[in-house]
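A look at the structure
Below, each chain spelled out in residue letters.
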Amino acid sequence: MPHDALPIACSLDATELPKRLAEMTNLGQAALIDAQNDATSAQLRFAAGTGVRDRIEFVVAAESRCCAFLDMTITDEPDTIVLTIEAPEDAGPVLAELVDAFRGQPQGSR
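Now for a description of the structure that goes with this document. No experiment lies behind these values; they were computed from the predicted model shown. (Residues numbered from 1 in each chain as written. Predicted model: local features only at pLDDT ≥ 70, side-chain atom pairs only at ≥ 80, totals over all residues. Heavy atoms only, no water.)

Quick look at the sheet that holds strand 4 (residues 80-86)
- The 4 strands lie next to each other as 1-2-4-3, forming an open sheet whose pairing is antiparallel. A strand with exactly one partner marks an edge of an open sheet, and here the two such strands are strand 1 (32-37) and strand 3 (71-77). Averaged over all pairs of adjacent strands, the angle between their axes in this sheet comes to 15°, without regard to strand direction.
- Judged from the 5 bridges that link them, strand 1 and strand 2 (residues 41-47) form a sheet pairing that is antiparallel. For Gln36, the partnering residue across the bridge sits in strand 2 and is Gln43.
- Its contacts with the sheet place helix 2 (residues 52-66) against strand 2, strand 3 and strand 4, and it is angled at close to 170° to strand 3. (Pairing = 2+ DSSP bridges. Helix = DSSP H or I, 4+ residues; strand = E, 2+ residues; numbered from the N terminus. Axes fitted to C-alpha atoms, helices over the stretch in contact; angles between N-to-C directions. Contact = heavy atoms within 4.5 Å.)

Listed below in structure tokens is the structure:
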């Protein structure tokens, strides 16, 4: 089933969601350099420090399980790790919430 045909729903419960958003906020506070987003895509740039890629991979793997409608890719650039997130049009609020969490402004509404 293509990503755009998957239901726009998060499977995290009320206990798990704040923990996941806190993980993103902590990662963002530790390493986020820049975040650019629009309604259907985001590009987050992180300083490539010790363990940063592992932390990004953990978040991507976890989000892939609960929000399968998101397409997330990690690429490496000199001194930077880039997380690109693509979302269907109906998933704009979820995408914005993820970016806000990395920026240290989690809303917790999924």
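Examining the environment of Thr75
- Tracing the backbone through its elements, the reader meets Thr75 in strand 3.
- A relative accessible area of 37% means that Thr75 is categorised as partly exposed.
- Ignoring anything within four residues of it in the chain, the contact list for Thr75 reads Thr80, Ile81 and Val82. (Buried < 20%, exposed > 50% of the residue type's maximum accessible area, 1.4 Å probe, protein only.)

Quick look at the pairing of strand 4
- Where burial is concerned, most of strand 4 is hidden: 6 out of the 7 residues are buried.
- As defined by bridge partners, strand 2 adjoins strand 4 across 7 bridges and the pair is classed as antiparallel. Bridge pairing in strand 4 links Ser41 to Glu86.
- Relative to strand 4, strand 3 runs antiparallel, the two being bridged by 7 bridges. The residue bridging Glu77 from the neighbouring strand is Thr80, located in strand 4.

Some thoughts on helix 2
- Taking 1.5 Å per residue as the helical rise, helix 2 with its 15 residues ought to reach 21 Å, and the 21 Å between its terminal C-alpha atoms agrees with that figure.
- Tucked into the core, helix 2 has its buried residues touching helix 1 (16-31), strand 2, strand 3, strand 4 and helix 3 (92-102). (Expected span 1.5 Å × (residues − 1).)

Notes on the nonpolar core
- Counting residues in each nonpolar core, the largest one holds 30 residues, and the members touching the most others are Leu44, Phe46, Ile56, Leu70, Leu83, Ile85 and Phe102.
- When contributions to this core are tallied by element, the ones reaching two or more residues are helix 1, strand 2, helix 2, strand 3, strand 4 and helix 3.
- The greatest single-element share of this core, amounting to 6 residues, is contributed by helix 3. (Core = buried A, V, L, I, M, F, W, Y, C linked by side-chain atoms within 4.5 Å.)

Describing the packing of aromatic side chains
- Counting across every chain of the model gives 1 aromatic pair.
- An angle of 70° between the planes, with centres 5.6 Å apart, marks the rings of Phe46 and Phe102 as edge-to-face. One end of the pair, Phe46, is in strand 2; the other, Phe102, is in helix 3, and 56 residues separate them in sequence.
- The buried category is assigned to Phe102, whose relative accessible area is 2%. (Phe/Tyr/Trp six-rings, centres within 6.5 Å; stacked < 30°, edge-to-face > 60°.)

Looking at the state of the cysteines
- Enumeration according to the criterion identifies 0 disulfides in this entry.
- Here Cys66 stays free of any disulfide, with the sulfur of Cys67 as its closest cysteine sulfur at 3.7 Å. (Disulfide = S-S within 2.5 Å.)

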